[in-house]
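Survey of secondary and tertiary structure
Given next are the chains, with one letter for each unit.
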Amino acid sequence: MLNEIVEFLRKLSDEETKEMNRIIQEEAIKTYPQIETLRRNGLSTRTVNALINNDVTNVYHLTNYKKYDLLKFRNFGKNSLDECENIMEKFNLQFRKWP
């Protein structure tokens, strides 16, 4: 079954592939609207995924975390932290400072 799916996908033209990706993205946004909320604020897909996987669904939720805590998230590194710092500055928010 998997081989048949892979073969089907290989036969798609570039336009068909783009259309399929667009549809998948639309469905993902319908299912997880917070993805679009975070992406709209300029965060990369990798950063958005790391945040969503840790129940951070909007920029304001970042105020519940210290910078050090964010770096413990899987697939969340220095670049992701830089993105979050920039977005926090944009909205004049601050990371948590105390335990």
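Above: the structure in question.
Please read these numbers as outputs of a predicted model, since none were measured by experiment. (Residues numbered from 1 in each chain as written. Predicted model: local features only at pLDDT ≥ 70, side-chain atom pairs only at ≥ 80, totals over all residues. Heavy atoms only, no water.)

Take the packing of aromatic side chains next. The final tally for this structure, using the stated rule, is two aromatic pairs. On the numbers, 5.4 Å between centres and 80 degrees between planes, the contact of Y65 with F73 is edge-to-face. On the numbers, 6.0 Å between centres and 80 degrees between planes, the contact of F73 with F76 is edge-to-face. Using a relative accessible area of 11% as the deciding quantity, one classes F73 as buried. According to the relative accessible area criterion, F76 is buried, its value standing at 5%. Three or more aromatic residues joined by ring pairs make a cluster, and in this case those are Y65, F73 and F76. (Phe/Tyr/Trp six-rings, centres within 6.5 Å; stacked < 30°, edge-to-face > 60°. Buried < 20%, exposed > 50% of the residue type's maximum accessible area, 1.4 Å probe, protein only.)

Looking now at the pattern of salt bridges. Tallied over the full model, the rule gives three salt bridges. One salt bridge in this structure joins E85 and K67, with 2.9 Å as the shortest N-O distance. Of this pair, E85 sits in helix α6 (residues 78–90) while K67 sits in helix α5 (residues 67–70), placing them 18 residues apart in sequence. The shortest N-O distance in the salt bridge between D82 and K78 comes to 2.7 Å. Separated by four residues within a single helix, D82 and K78 lie in helix α6, roughly one turn from each other. Under the relative-accessibility criterion, D82 is labelled partly exposed at 25%. (Salt bridge = Lys/Arg side-chain N within 4 Å of Asp/Glu carboxyl O. Helix = DSSP H or I, 4+ residues; strand = E, 2+ residues; numbered from the N terminus.)

Further remarks concern the side chain of T63. Considering the arrangement of structural elements, one finds T63 in the loop between α4 (45–52) and α5. For T63, a relative accessible area of 16% translates into the label buried. A polar side-chain atom of T63 sits 2.7 Å from the main-chain carbonyl oxygen of Y60. Not counting chain neighbours up to four residues away, the residues in contact with T63 comprise M88, L93, Q94, F95 and R96. (Polar contact = N/O pair within 3.5 Å; in protein donor to acceptor, adjacent residues only side chain to side chain. Contact = heavy atoms within 4.5 Å.)

Attention now goes to the nonpolar core. The biggest cluster of nonpolar side chains holds 17 residues, and the ones touching the most others in it are L38, L51, L62, L70 and F76. Only α4 and α6 provide two or more residues apiece to this core. In this structure L51 touches L38, L43, V56, L62, L70, F73, F76 and C84, once residues within four positions along its chain are discounted. (Core = buried A, V, L, I, M, F, W, Y, C linked by side-chain atoms within 4.5 Å.)

Below, the discussion takes up the environment of L81. For L81, the location among the structural elements is in helix α6. Owing to a relative accessible area of 7%, L81 belongs among the buried residues under this scheme. As a C-alpha pair, L81 and L70 span 11 residues in sequence and 7.3 Å in three-dimensional space. Setting aside residues up to four positions removed in sequence, L81 forms contacts with K67, L70, L71 and F76.

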